[in-house]
Amino acid sequence: MWKTILRRFLIMIPEVIILSILVFLLAKAMPGDPFTGSINPKADPQQIHHLMKINGLYDPWYQQYWQWVVHLFHGNLGNSYQYQEPVTRLIAGRAGNTLWLALFTMILTYAFALPMGVFAGRHEGKLPDTIIRVYTYVTYCIPFFVILVIGIWIFGYVFGWFPTTGSISAEASGSGWLQTIGSRFYHILLPGILGALFGTVNIVQYLRSEVIDAKGSDYVRTARSKGVPSKDIYRHHIFRNSLLPIAAFAGYSITGLLNGSIFTETVFSYPGMGLLFVNSISYRDYTVITALVLIYGILNLIGTLLSDIILSIVDPRIRIE
Amino acid sequence: METASNFLNIKDVSTAFKINGQFYDAISHINLQVHHDEILAIVGESGCGKSTLATTIMGLHDPAETKISGEIDFEGTNLLKLDDDGYNDFRGAKIGMIFQDPLSALNPLKRIEDQISEVMDYHTSLSKEEKHERVLQLLDEVGIVNPKRTAHQFPHELSGGMRQRVIIAIAIACKPDLIIADEPTTALDVTIQAQILDVLRDIQKENHAGIILITHDLGVVAETADRVAVMYAGQIVEEGTAEQVFNTPEHPYTRSLLRSMPQRDNENDDLYVIKGNVPSLQKMPSTGDRFAPRIPWVPASAHEENPTMHEVAPGHEVRCTCYKEFSFPDQKGSVTA
Ligand SMILES: Nc1ncnc2c1ncn2[C@@H]1O[C@H](COP(=O)(O)OP(=O)(O)O)[C@@H](O)[C@H]1O
Ligand code: SF4
Ligand SMILES: [Mg+2]
């Protein structure tokens, strides 16, 4: 198994290198240069020329790329034009918020989806199954941002049950840790629930059909002919076999959550990387955009890596000898 | 009535499946006995209802989708009167079943050892260590070369033949009185087939079990069976000892099957092909010999309107009277309509 994991890990290295080259070239192609915003626009063009020269901006691209990578490893991603502060610090201040919301959404998603999928599959064709299926179809048809907007409007504004902006209330931010955590949790509750309602759809449908397939499978028939009681057949064979592939979804859902965070954070004005990304685009803050594209790209690769690793642990057929 | 050797008595059993809201018989009015120490072969083309008979005995049908009538007397208990829990005392314990497709019959995510000991979890009070020992012993018995290693493996690591041995090990783990083997060798290649049949025979000698061996391969039957029941379109059309059925076959279907089987003395001839197909459940003729449409040259008057079994020799029975007049069209004395 370690061989499989190591192999899968090694495959990721060229992926990361290619990603970084693409991101680098993208950054190069964008208008502006590292001095934009930091020097007087009326400065002598001769002087700018000199600055660019000593900073290596006339070097061949691969030398510049190497420089960029070296800077990257020193945590130097340049300065934000909009905030006038190092991109690294800017992102570090928001990454926590995004991860905290994503983690919460993921836990909720699985907490909703697993029982629903299993239940629908077990009672295929009965009323609860029909209700769950209608729910998944309806949710599937509505775009995510529409769910968010409707949700925030009803539960945030009309009923006023949940905060509609920020990650922590002003009063709580200065007080004790308990209030801090409480307020932070309160702020992710609604976006988390809405994200989970949307995220469950794929898992419920997948799990339901896995359970139905397993019920009719030959190995379940074998188990029945061993005299295993029905409830144990569900526990030891059907649920187990249907849930294991779901475990691998965990990695991919990281990908989905990150992409979803761009919508969620924008609608909820939640100060995470997604909101930063959208703001940076509207301010054309290229250094920040580049850095975020790189981070999102790497996180996506890690998500897929995690899925593959989980799958190889969980399913003996996938282990590569 | 239970006697010492006749422990399974199938009386007038019919199984109907629900198709588009209506029930259609897949097997009708089956009567069969199985004795200890014997292999009863059930032969017939694909679609004749052999598997349905097996799964009916095992109680594997969904009661909402099937209607089963008759009586299956197993050592004094009518299995058809049992609920699911009651049936579980028989399945795996007193009746073991071997399925056709060894590739899909094992749980892909469980180790072989766990799949074999699972059957003992429910029917024995053996300790963990005893079960482990028994698993290794069983794997050895079914001809697995390295039981320790195989016990630890997953199904996908084993060949088809090895998986079928594992399934046999599961079926015999609790020393059942009855073993039902539904086409146990069909999915395997010829050399493995012979080995698997040997394993079955050895087990039977050891356990004094009765075996129902289902197959469409008459070669397998000739090699292994003590008695043979020939099934056509959900009915038994001929039943007798292996010698009776092979040496003096009577029913046109049995004779057609035998004639369509490759043999040493006719290997240069074109093989006989039975015209037509086994009728689907909805198209089953309600009166007359169900095989009649496939031997159209036999006059209608030769068939009984409601064919019954006729004893032609002690223990040798044939359905319908048409056997008296039947011959193949290319043979002397053939009757033409
Ligand atoms: N669950 C089922 N529902 C409806 N029809 C079935 C079902 N199982 C088998 N049949 C039909 O019953 C007939 C006998 O099938 P089967 O017992 O599998 O035959 P065999 O094992 O001899 O090939 C076939 O016509 C088949 O299509
Ligand atoms: S699959 Fe088995 S042999 Fe291969 S690395 Fe994993 S544990 Fe080792
Ligand atoms: Mg069959």
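What counts as what
Residues numbered from 1 in each chain as written. Chains lettered and ligands numbered in written order. Predicted model: local features only at pLDDT ≥ 70, side-chain atom pairs only at ≥ 80, totals over all residues. Heavy atoms only, no water. UniProt positions renumbered as here; feature names shortened; annotations may be inferred. Helix = DSSP H or I, 4+ residues; strand = E, 2+ residues; numbered from the N terminus. Rg over C-alpha atoms; globule rule 2.2 N^0.38 Å. Buried < 20%, exposed > 50% of the residue type's maximum accessible area, 1.4 Å probe, protein only. Areas by Shrake-Rupley, 256 points an atom, 1.4 Å probe, with all protein chains shown as cover. Lys, Arg positive; Asp, Glu negative; His and termini not counted. Charge placed at Lys NZ, Arg CZ, Asp CG, Glu CD. Near = heavy atom within 4 Å. Polar contact = N/O pair within 3.5 Å; in protein donor to acceptor, adjacent residues only side chain to side chain. Nonpolar A, V, L, I, M, F, W, Y, C, P; charged D, E, K, R; others polar. Phe/Tyr/Trp six-rings, centres within 6.5 Å; stacked < 30°, edge-to-face > 60°. Lys NZ or Arg CZ within 6 Å of the ring centre and 35° of its normal. Axes fitted to C-alpha atoms, helices over the stretch in contact; angles between N-to-C directions. Left-handed = near helix turned anticlockwise from the far one by under 90°. Contact = heavy atoms within 4.5 Å. Buried area = accessible area lost by both parts, 1.4 Å probe. Salt bridge = Lys/Arg side-chain N within 4 Å of Asp/Glu carboxyl O.

As named in an unreviewed UniProt entry, chain A is ABC transporter permease, taken from Levilactobacillus lanxiensis. Quoted verbatim from the Subcellular location (unreviewed entry) field of the UniProt record, the comment on chain A reads "Cell membrane". Quoted straight from UniProt, the Sequence similarities (unreviewed entry) entry for chain A says "Belongs to the binding-protein-dependent transport system permease family."

Visitor: What am I meant to see in the overall build of chain B here?
Guide: Of regular secondary structure, chain B possesses ten helices and twelve strands. Relative to the compact-globule value of 20 Å for 337 residues, chain B shows a C-alpha radius of gyration of 21 Å, a close match. On the principal axes, the C-alpha backbone points of chain B span a range of 70 × 50 × 40 Å. Evaluated residue by residue, chain B yields a buried proportion of 54% over its 337 residues. Put simply, chain B shows about 14,900 Å² of open surface, and 48% of that area lies on carbon and sulfur atoms. The positive charge centre, built from 30 side chains, and the negative charge centre, built from 51, are 3 Å apart in chain B.

Visitor: How do you make sense of the site of ligand 1 when you look at a structure like this?
Guide: All names here are of chain B. Around ligand 1, the structure places Phe 17, Ala 26, Glu 45, Ser 46, Gly 47, Cys 48, Gly 49, Lys 50, Ser 51, Thr 52 and Leu 281. Separating an oxygen atom of ligand 1 from a backbone N or O atom of Gly 49 is a distance of 3.1 Å. In the environment of ligand 1, an oxygen atom lies 2.5 Å from a nitrogen or oxygen atom belonging to the side chain of Thr 52. A breakdown of the residues in the shell around ligand 1 according to their chemical character gives four nonpolar, five polar and two charged.

Visitor: Is there a simple way to think about the packing of aromatic side chains in this case?
Guide: Both the distance between ring centres and the angle between the ring planes are used here to describe each pair of aromatic rings. Residue and element names in this part refer to chain A. Counting across every chain of the model gives 19 aromatic pairs over all chains. Between the aromatic rings of Phe 155 and Phe 159, the centroid separation amounts to 6.2 Å while the plane-to-plane angle is 40°, which identifies the pairing as tilted. Residue class for Phe 159 comes out partly exposed when judged on its relative accessible area of 45%. Here the aromatic cluster, defined as three or more aromatic residues joined through ring pairs, consists of Phe 144, Phe 145, Phe 198 and Phe 263. In this arrangement the basic side chain of Arg 122 is found over the ring face of Tyr 234, its NZ or CZ atom lying 3.8 Å from the centre.

Visitor: I would appreciate a short explanation of the packing of helix α4 (residues 87-122) of chain A against helix α8 (residues 177-215) of chain A in the present structure.
Guide: Between two packed helices, the angle of one axis relative to the other and the distance separating the axes together describe the packing. Residue and element names in this part refer to chain A. In contact at an axis separation of 5 Å, α4 and α8 are set at 35° when each is read in the N-to-C sense. By crossing handedness, the relation of α4 to α8 is classed as right-handed. Among the residues forming the contact of α4 with α8, the class breakdown is 23 nonpolar, nine polar and four charged.

Visitor: Teacher, can you tell me more about the interface of chain A and chain B here?
Guide: Many analyses report the size of an interface as the accessible area lost when the parts associate. Of the residues lining the interface, 22 residues belong to chain A; the matching set on chain B comes to 26 residues. Regarding the contact of chain A and chain B, the summed buried area is about 2,200 Å², with carbon and sulfur atoms giving 54% of it. Contact with chain B buries surface across chain A, with Arg 224, Ser 225 and Lys 226 of chain A losing the most and accounting together for 29% of the total. At the junction of chain A and chain B, the tally comes to one salt bridge. Its salt-bridge partner being Glu 118 of chain B, residue Lys 226 of chain A comes within 2.7 Å of it at the nearest N-O pair. Inspection of the region where chain A meets chain B yields 15 residue pairs in polar contact (both at pLDDT 80 or more). Among the secondary structure elements, those contributing two or more residues to the side of chain A that touches chain B are α9 (218-225) and α10 (230-267) of chain A. For the side of chain A that touches chain B, the element with the most residues is α10 of chain A, which contributes seven residues.

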